[in-house]
Amino acid sequence: MKKLLLSTLIILAISSCGTAKTSSENPAESSTDSTYGFTEKNPVKVGGVGSGPLNERNYLNALTGPNGEKVSYDRQGSCCEFKSKNSPFGMGLLDRYAVTYEGKKDTITIYLNMYDKAKTMAPVGFKMK
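Here the structure is a predicted model, which means the values were calculated and not measured.

Trainee: Sorry, what's going on with helix H2 (residues 52-62) here?
Mentor: The periodicity of an α-helix, 3.6 residues per turn, causes residues three or four positions apart to be oriented the same way. Buried within H2 are the following residues: Gly52, Leu54, Asn55, Glu56, Tyr59, Leu60 and Ala62. Summarising the contacts, the buried residues of H2 are in contact with strand S1 (44-45), strand S2 (63-64), strand S3 (71-83), strand S4 (91-101), strand S5 (108-113) and strand S6 (127-128).

Given below as structure tokens:
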């Protein structure tokens, strides 16, 4: 059992070292859905087997404030279990990020799904480079 768990962890670690580009099909597009990215029921799906964490960073690095302000973000942990055929375990967790930009006094929580892939857009109030 220990060998199986260790083998699984090694395979996951190796496959997560990929160098995929962001999954955004049209990086300039912004969503008009006020829940997109802001709720666990409608996360931004940046997925890609083996490249999910890199896709998350690429997506967040492409976000800007509404007037092109540089965005800063801080990972707040994982939450919100869901089923996913793209996860080796059949389920995944969303990653939560506190996001803000220069001139904004508070932070906004954005939910990212690193397992499943869909067209990505900027959430309402943000733009993309």
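Trainee: What should I look at first to understand the state of the cysteines in this one?
Mentor: In a disulfide, the sulfur atoms of two cysteines are covalently bonded to one another. Enumeration over the complete set of coordinates arrives at 1 disulfide. Each sulfur in the disulfide pair cysteine 79 and cysteine 80 lies 2.2 Å from the other. Measuring handedness by torsion sign, the sulfur bridge of cysteine 79 and cysteine 80 sits at about -75 degrees and is left-handed. The class of cysteine 79 is buried, set by a relative accessible area of 15%.

Trainee: Which parts of the structure should I look at to understand the sheet that holds S3?
Mentor: Think of a sheet as strands paired side by side through backbone hydrogen bonds, with each pair either parallel or antiparallel. In space, the 4 strands of this open sheet follow the order S1-S5-S4-S3, with mixed pairing throughout. Edge positions in the sheet fall to S1 and S3, since each of these pairs with one other strand and no more. In this sheet, S5 lies alongside S4 in antiparallel orientation, the contact comprising 5 bridges. Paired with arginine 96 across the strands is tyrosine 111, a residue of S5. Packing of H2 onto the sheet brings it into contact with S1, S3, S4 and S5, and relative to S4 it is tilted by some 25 degrees.

Calculation notes
- Residues numbered from 1 in each chain as written.
- Predicted model: local features only at pLDDT ≥ 70, side-chain atom pairs only at ≥ 80, totals over all residues.
- Heavy atoms only, no water.
- Buried < 20%, exposed > 50% of the residue type's maximum accessible area, 1.4 Å probe, protein only.
- Helix = DSSP H or I, 4+ residues; strand = E, 2+ residues; numbered from the N terminus.
- Contact = heavy atoms within 4.5 Å.
- Disulfide = S-S within 2.5 Å.
- Pairing = 2+ DSSP bridges.
- Axes fitted to C-alpha atoms, helices over the stretch in contact; angles between N-to-C directions.

Structural measurements only, silent on function.
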